[in-house]
Amino acid sequence: MVIAVASGKGGTGKTTIATSFALSLALDRDIQLVDCDVEEPNAHLFLDPLVIEKTSKGFIPVPQIDQSKCNYCGKCSKVCAYNAIAVVGPKDGRKGSILVFEQLCHGCGACSFLCPRGAIKEVNREIGAVESGWSGPIQFIHGRLNIGEAMAPPLIRQVKENIDPSKTVIIDAPPGTSCPVVTSVEKSDFCILVTEPTPFGLNDLILAVEVLRKLKIPFGVVLNRSDLGNEDTEKYCVQENISILMRVPFDEKVAKSYSKGIPIVRALPEFKNHFKQLYEKIDNILTGKDR
Ligand code: SF4
Ligand code: SF4
């Protein structure tokens, strides 16, 4: 089963929920923890000890133009939704020219597919790295996007190529609701949305719910710092028929441990049972037992 852990906004405690969930389930089953927050991976900070065994380069395929074959028809430029190719046709006896803006290219392959003269080949541009290893029984994989790179989705896809569906896979998705989040959560069996009961938390939860409904991924909510803020988030979940799977009250011990990179279940071991129950609730929802 592949379970993504996401949140409409940063700072809700998504990674601490994902890592504590993985640590709790690892007692009974084979776990892969996949950190897809490639712009700011931090799940590894909560896994101690962690041994990285393999590092591979992360790439995006970008077009390379063979100008000897190109007739400057402009089809590649027209098809590129990201304005990553500019074509200037020949004029007044001057040769045409074509420019590729590699930083804007999303590696979709449309230009090389549609070029009528076979003038475009794809070459790999390095954008980061994929690292994998073990923390005790947990198999761990994450990506690191190079500083200054904007193209997280191709690296996230490379990270996800390592998913082993025979295991229970927990994906730590990036915060927000943009392309990197969609790339991280798509094809998951279930998504946990971590939020907090504040106006900002609710606003971003509503956006995340819209995304998951469009992607047709079943989901439920974990309410972090559930005893702070107001009741609007709970009311929203009731109105929208969204299951609140778990409530984690504010605890100073958890907050202090978090700041030192210590997961909830190591600060409060009794929480392991709550995380196991969280898994059972998800399993019941997916198998229809919860209806
Ligand atoms: S589609 Fe091919 S032939 Fe046309 S401008 Fe682009 S590279 Fe050149
Ligand atoms: S691969 Fe896609 S994004 Fe990149 S230049 Fe070609 S059409 Fe544009």
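Residues numbered from 1 in each chain as written. Chains lettered and ligands numbered in written order. Predicted model: local features only at pLDDT ≥ 70, side-chain atom pairs only at ≥ 80, totals over all residues.

Draft legend 1. Quick peek at the overall build of the protein chain. A tally of regular secondary structure across the protein chain gives 10 helices and 11 strands. Overall size of the protein chain, expressed as C-alpha extent along the three principal axes, is 75 × 45 × 35 Å. By the burial criterion, 42% of the 291 residues in the protein chain qualify as buried. In the protein chain, the share of contacts with a sequence separation of at least 24, taken over all contacts with a separation of at least 6, comes to 73%. (Helix = DSSP H or I, 4+ residues; strand = E, 2+ residues; numbered from the N terminus. Buried ≥ 20, exposed ≤ 12 C-beta atoms within 10 Å, placed from the backbone. Contact = placed C-beta atoms within 7 Å.)

Draft legend 2. Region of the structure containing the domain arrangement of the protein chain. Here the domain parsing of the protein chain yields domain 1 (2-49 + 136-287) and domain 2 (60-125). Computed over C-alpha atoms, the centres of domain 1 and domain 2 are 39 Å apart. (Domains from an automatic or database assignment.)

Draft legend 3. Representation of unusual backbone geometry within the structure. Residue P49 is reached from D48 by a cis peptide bond, and omega for that bond is 5°. Position of P49 among the secondary structure elements: in the loop between β2 (31-35) and β3 (51-65). Positive phi outside glycine occurs at K187, with the angle close to 70°. Here K187 lies in the loop between α5 (179-185) and β9 (190-195). With a phi close to 60°, N241 is a non-glycine residue in the positive phi region. By the element assignment, N241 lies in the loop between α7 (232-239) and β11 (244-248). Of the residues examined, N241 has 6 C-beta atoms within 10 Å and is grouped as exposed.

Draft legend 4. Seen up close, the packing of helix α1 (residues 14-25) against helix α10 (residues 271-287). With their axes 9 Å apart at the nearest point, α1 and α10 run at an angle of 90° to one another. Here α1 is positioned roughly perpendicular relative to α10, judged by the angle of their axes. Along its contact with α1, which presents S20, F21, S24 and L25, the element α10 presents F271, K272, F275, K276, L278 and Y279. Of the residues belonging to the contact of α1 with α10, the class tally is 6 nonpolar, 2 polar and 2 charged. (Axes fitted to C-alpha atoms, helices over the stretch in contact; angles between N-to-C directions. Parallel < 35°, antiparallel > 145°, perpendicular 65-115°, else oblique. Nonpolar A, V, L, I, M, F, W, Y, C, P; charged D, E, K, R; others polar.)

Draft legend 5. Summary view of the sheet that holds β9. Read across the sheet, 9 strands follow the order β3-β6-β7-β2-β8-β1-β9-β10-β11 without closing on themselves; strand pairing throughout is mixed. Edge positions in the sheet fall to β3 and β11, since each of these pairs with one other strand and no more. For this sheet, the mean angle separating the axes of adjacent strands, direction not counted, is 20°. For strand β6 (residues 120-135) and strand β7 (residues 138-145), the ladder comprises 8 bridges, and the chain directions are antiparallel. If you follow S132 over to β7, its bridge partner there is I141. In the packing of helix α6 (residues 199-215) onto the sheet, the strands contacted are β1 (2-7), β9 and β10 (219-224), and the crossing angle to β9 comes to about 170°. (Pairing = 2+ DSSP bridges.)

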